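A structural walkthrough
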Amino acid sequence: MSRNRVLEALQGANEGRPPVIPPFQGTWAVENSELSLSEAIDSPEDHAKVQIAMAERCGFDGIEGMWDWVCMVEGLGAEVRIGDGMGPLTTSHPLEDPDIDLEPSPESDLRGKSNLETMRHLEDSGMYIYSTVPGPFTLGGEMRGLEQLMMDMILEPEHYTKVLSDCTEVIAEYADFYSESSEGTLICESTGGPALLSPEDTCSNVLPWVSKAFNRVGNHRLLHISGDPTEIIGYVPTNEIDLFSAGDGMALDVMLDKTECAVLGGISAASLRNDGWRDEVRKQIINAMEESSLYSERFIIGATSDISPDTPIEAVEIWRQFIAEGGRC
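Residues numbered from 1 in each chain as written. Predicted model: local features only at pLDDT ≥ 70, side-chain atom pairs only at ≥ 80, totals over all residues. Heavy atoms only, no water.

1. Examining the packing of aromatic side chains
- Enumeration according to the criterion identifies 4 aromatic pairs in this entry.
- On the basis of an interplanar angle of 50° and a centroid distance of 5.7 Å, the ring pair of phenylalanine 177 and tyrosine 178 is categorised as tilted.
- A residue is classified by how much of its surface remains accessible, and phenylalanine 177, at 13% relative accessible area, is buried.
- Over the face of the ring belonging to tryptophan 209 we find lysine 212, whose NZ or CZ atom lies 5.6 Å from the ring centre. (Phe/Tyr/Trp six-rings, centres within 6.5 Å; stacked < 30°, edge-to-face > 60°. Buried < 20%, exposed > 50% of the residue type's maximum accessible area, 1.4 Å probe, protein only. Lys NZ or Arg CZ within 6 Å of the ring centre and 35° of its normal.)

2. Focus: the sheet that holds strand E5 (residues 184-189)
- The strand order across the open sheet formed by 7 strands is E1-E4-E5-E6-E7-E8-E9, and the pairing between neighbours is parallel. The sheet is open, and its two edges are formed by strand E1 (62-64) and strand E9 (299-303), each paired on a single side. Across the sheet, the mean angle separating the axes of adjacent strands is 25° when strand polarity is ignored.
- Taken together, the 3 bridges between E1 and strand E4 (residues 128-134) define a ladder with parallel strand orientation. Looking across to E4, one finds that isoleucine 63 is bridged to isoleucine 129. (Pairing = 2+ DSSP bridges. Helix = DSSP H or I, 4+ residues; strand = E, 2+ residues; numbered from the N terminus. Axes fitted to C-alpha atoms, helices over the stretch in contact; angles between N-to-C directions.)

3. A look at the pattern of salt bridges
- Under the criterion given, the structure shown has 15 salt bridges.
- Put simply, glutamate 314 and arginine 57 hold a salt bridge, and the shortest N to O gap is 3.9 Å. Pair noted here: glutamate 314 is in helix H13 (residues 314-317) and arginine 57 is in helix H4 (residues 44-58), with a separation of 257 residues, a long-range link.
- The class of arginine 57 is partly exposed, set by a relative accessible area of 42%.
- The salt bridge partner of aspartate 152 is arginine 144, with a shortest N-O separation of 2.7 Å. (Salt bridge = Lys/Arg side-chain N within 4 Å of Asp/Glu carboxyl O.)

4. A word on unusual backbone geometry
- Residue proline 23 is reached from proline 22 by a cis peptide bond, and omega for that bond is 0°.
- Of note, proline 23 is situated in the loop between helix H1 (3-10) and helix H2 (26-31).

5. With respect to the nonpolar core
- Among the nonpolar cores identified, the biggest contains 106 residues, and Phe60, Tyr178, Leu223, Phe244, Ile285, Ile301 and Trp319 are the most heavily contacted of them.
- If you tally residues by element for this core, the top one is helix H9 (residues 157-178), at 10 residues.
- Every residue in contact with isoleucine 301, bar those within four places of it in the chain, is listed here: Pro18, Pro19, Val20, Ile21, Gly265, Ile267, Ile285, Ala288, Met289 and Ile323. (Core = buried A, V, L, I, M, F, W, Y, C linked by side-chain atoms within 4.5 Å. Contact = heavy atoms within 4.5 Å.)

6. Here we look at the pairing of strand E6 (residues 220-225)
- Summarising burial for E6: 5 of the 6 residues are buried, a large majority.
- Relative to E6, E5 is paired through 6 bridges, and the arrangement is parallel. Paired with isoleucine 187 across the bridge in E6 is leucine 223.

7. Details of the state of the cysteines
- Applying the stated criterion across every chain yields a total of 0 disulfides.
- Summary of cysteine pairing: cysteine 71 is not part of a disulfide, and the nearest cysteine sulfur, belonging to cysteine 167, is at 14 Å.
- Since its relative accessible area comes to 1%, cysteine 71 is described here as buried. (Disulfide = S-S within 2.5 Å.)

8. Side note on a negative patch on the surface
- Where like charges cluster on the molecular surface, the negative patch consists of Glu96, Asp97, Asp99, Glu156 and Glu158.
- Among the structural elements, glutamate 158 can be located in helix H9.
- Given the relative accessible area of 46%, glutamate 158 is considered partly exposed. (Patch = residues over 30% accessible without salt bridge, like charges linked within 9 Å, V, L, I, M, F, W, Y side chains within 5 Å. Areas by Shrake-Rupley, 256 points an atom, 1.4 Å probe, with all protein chains shown as cover. Lys, Arg positive; Asp, Glu negative; His and termini not counted. Charge placed at Lys NZ, Arg CZ, Asp CG, Glu CD.)

Given below as structure tokens:
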């Protein structure tokens with residue numbers, strides 16, 4: 001494992017093999033341990049041991065310091081159910097009146113404090129540790145209800161602006177809270193991207209809020225947007241961030257050519273669960289290394305979305321062998 005290798009890639013100066021960042025390995029690691037998700041929240045030290053053990057087995061160079069990245073919704077009044085195999089699920093959307101102000105308080109958020117404590121136990125692991133927070137649109141959907149937020153965007157733009165402005169402030173507060181023990185902040189727009197929205201809405205109504213959130217981030221700025229980035233890549237603020245992670249659908253050489261920051265990707269998370277995962281993942285990794293060859297100094301290899309809890313460990317720990325087979329060991 002090499003934290004320095006990740007730092008070099010973020011600076012566009014990596015001269016060896018690409019670093020490996022899963023990137024969303026947290027739930028998967030816990031699900032493949034003796035801990036339940038609730039026990040991981042209750043026991044940050046044990047949780048950190050699980051994450052380190054999985055990272056060492058798989059040879060990760062950097063990991064998400066926690067999987068509980070939307071913990072703040074419960075602190076803001078939402079009801080949440082945590083179930084094994086699925087992670088936290090928001091079951092109520094309390095922001096019926098968009099004029100109500102959201103008041104973040106990570107210092108009194110039990111799950112938020114557990115996340116921070118876990119990352120404290122990861123500090124000496126030798127890995128690059130980053131924290132994940134939801135994007136403004138994604139958090140707004142959790143609080144307002146996704147369908148209602150989309151209606152606001154179209155019919156009540158003043159409500160939409162108020163909700164996303166408040167959510168941006170919440171994100172900034174949590175990013176600052178976690179920055180004590182993480183070197184980077186990953187803003188994840190899981191619903192605010194082309195997987196769900198039109199390219200026009202993503203570019204006009206989501207990305208400007210992402211930029212506002214990053215303006216409040218003091219450590220490395222990392223961004224994940226779910227879905228095919230082909231039609232939005234020219235609008236993603238890659239000159240303002242340190243790393244861009246995106247879903248499937250765009251060739252890596254094209255993505256790297258159109259960005260100014262480090263790029264993470266190459267492995268389809270869905271392929272890890274297929275019966276023929278070994279040949280498919282090997283092919284994807286070698287192809288990714290070939291496509292990134294002109295930009296290898298700022299390429300980081302990893303999955304394009306969450307690693308599903310039912311993904312075999314063997315389908316992930318084999319990545320480093322396939323990277324070596326691709327010629328950049």
